[in-house]
Amino acid sequence: MNMTRRFGPLLPYIGFYLACLLFFSIFRLVLVGVHWDRVAAWDVLGRVLILGVRMDTISLSIILSIPVIATLLLPKSFIQASWFQLAIRILLCFWVGIFVMMEFSTPTYIDFFDSRPGRIFFEYLNHPREVSTFLINGFLIEILIVSCAISLMVTLAWFGLASLQKRQATWPYFTQLI
């Protein structure tokens, strides 16, 4: 049985999940390499990698839960409708943009604040004038790199998801409910 039929209507979500997991893992390895002195001092490389994949899986599962449940509960005519496919592609590309922004911003954020971006990162966004002035005056090159990376990755995700959605098979409705 080929993968398209096996994964059925879940094919775009599985592709998204695997691509994001690969993206996060590559960035985690790069970040470990950049901060190797810290990681090596604590002898926690295995934990960092395993717990990182665990957290990525949890985050991606939370993000994908509502679209996957909707896809499985809605009839075939809905999930094959162009508006539904477009809505799912826009939603997943939005998340790709957020992920790329967070991952590409992390090294600079760590250098400046000595921690990974978290709640405070997003709370600062409530003050756009101060944040934009601060970023443009001190981190213009980083902003350009992140903007280009977001554009490239969202474009790749858009076409990748479109390709998966075209090959997306359907299951009988009863199978979807199981």
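Here's a quick rundown of the structure. (Residues numbered from 1 in each chain as written. Predicted model: local features only at pLDDT ≥ 70, side-chain atom pairs only at ≥ 80, totals over all residues. Heavy atoms only, no water.)

**Quick look at the packing of aromatic side chains**
Item 1. Applying the stated criterion to the full structure yields 15 aromatic pairs.
Item 2. Ring geometry for F112 versus F113: centroids 4.8 Å apart, planes at 75°, classification edge-to-face.
Item 3. Using a relative accessible area of 37% as the deciding quantity, one classes F113 as partly exposed. (Phe/Tyr/Trp six-rings, centres within 6.5 Å; stacked < 30°, edge-to-face > 60°. Buried < 20%, exposed > 50% of the residue type's maximum accessible area, 1.4 Å probe, protein only.)

**Some points on a nonpolar patch on the surface**
Item 1. A cluster of nonpolar side chains, namely F112, F113, I120, Y124, F134 and L135, defines an oily patch on the protein surface of about 540 Å² accessible area.
Item 2. When contributions to the nonpolar patch are tallied by element, the ones reaching two or more residues are helix 6 (82–113) and helix 8 (128–138).
Item 3. Within the secondary structure, F112 is located in helix 6.
Item 4. Judged by relative accessible area, which is 45%, F112 ranks as partly exposed. (Patch = residues over 30% accessible without salt bridge, like charges linked within 9 Å, V, L, I, M, F, W, Y side chains within 5 Å. Areas by Shrake-Rupley, 256 points an atom, 1.4 Å probe, with all protein chains shown as cover. Salt bridge = Lys/Arg side-chain N within 4 Å of Asp/Glu carboxyl O. Helix = DSSP H or I, 4+ residues; strand = E, 2+ residues; numbered from the N terminus.)

**Considering helix 4 (residues 45–73)**
Item 1. With 29 residues, helix 4 should reach 42 Å at 1.5 Å per residue; the first-to-last C-alpha distance of 41 Å fits that figure.
Item 2. Taken as a whole, helix 4 carries its principal kink of about 45° at S65; the proline P67 stands between one and four residues after it.
Item 3. Within the sequence span of helix 4, burial applies to G52, D56, L60, I63, L64, P67, V68, T71 and L72. (Expected span 1.5 Å × (residues − 1). Bend = angle between axes of the 7 residues up to and from the residue.)

**Details of the side chain of T106**
Item 1. Relative to the helices and strands, T106 is located in helix 6.
Item 2. Setting aside its immediate chain neighbours within four residues, T106 contacts L31, R116 and P117. (Contact = heavy atoms within 4.5 Å.)

**Considering unusual backbone geometry**
Item 1. The phi dihedral of D43 is positive, around 55°, even though this residue is not glycine.
Item 2. Structurally, D43 is set in the loop between helix 3 (36–42) and helix 4.
Item 3. D43 sits in the exposed class, given a relative accessible area of 71%.
Item 4. The backbone of D114 sits at a positive phi, close to 60°, despite the residue not being glycine.
Item 5. Here D114 lies in the loop between helix 6 and helix 7 (119–123).
Item 6. For D114, a relative accessible area of 49% gives the class partly exposed.

**What to know about the packing of helix 2 (residues 11–34) against helix 6**
Item 1. Two elements in contact, helix 2 and helix 6, have axes whose closest approach is 11 Å; the angle formed by their N-to-C orientations is 5°. Relative to helix 6, the element helix 2 is oriented roughly parallel. Counting all contacts with helix 2, which are made through Y13, F16, C20, F23, F24, F27 and L31, the residues of helix 6 involved are F84, I88, L92, W95, V96, F99, V100, E103, F104, T106, P107 and I110.
Item 2. Looking at side-chain class alone, the contact of helix 2 with helix 6 contains 17 nonpolar, one polar and one charged residues. (Axes fitted to C-alpha atoms, helices over the stretch in contact; angles between N-to-C directions. Parallel < 35°, antiparallel > 145°, perpendicular 65-115°, else oblique. Nonpolar A, V, L, I, M, F, W, Y, C, P; charged D, E, K, R; others polar.)

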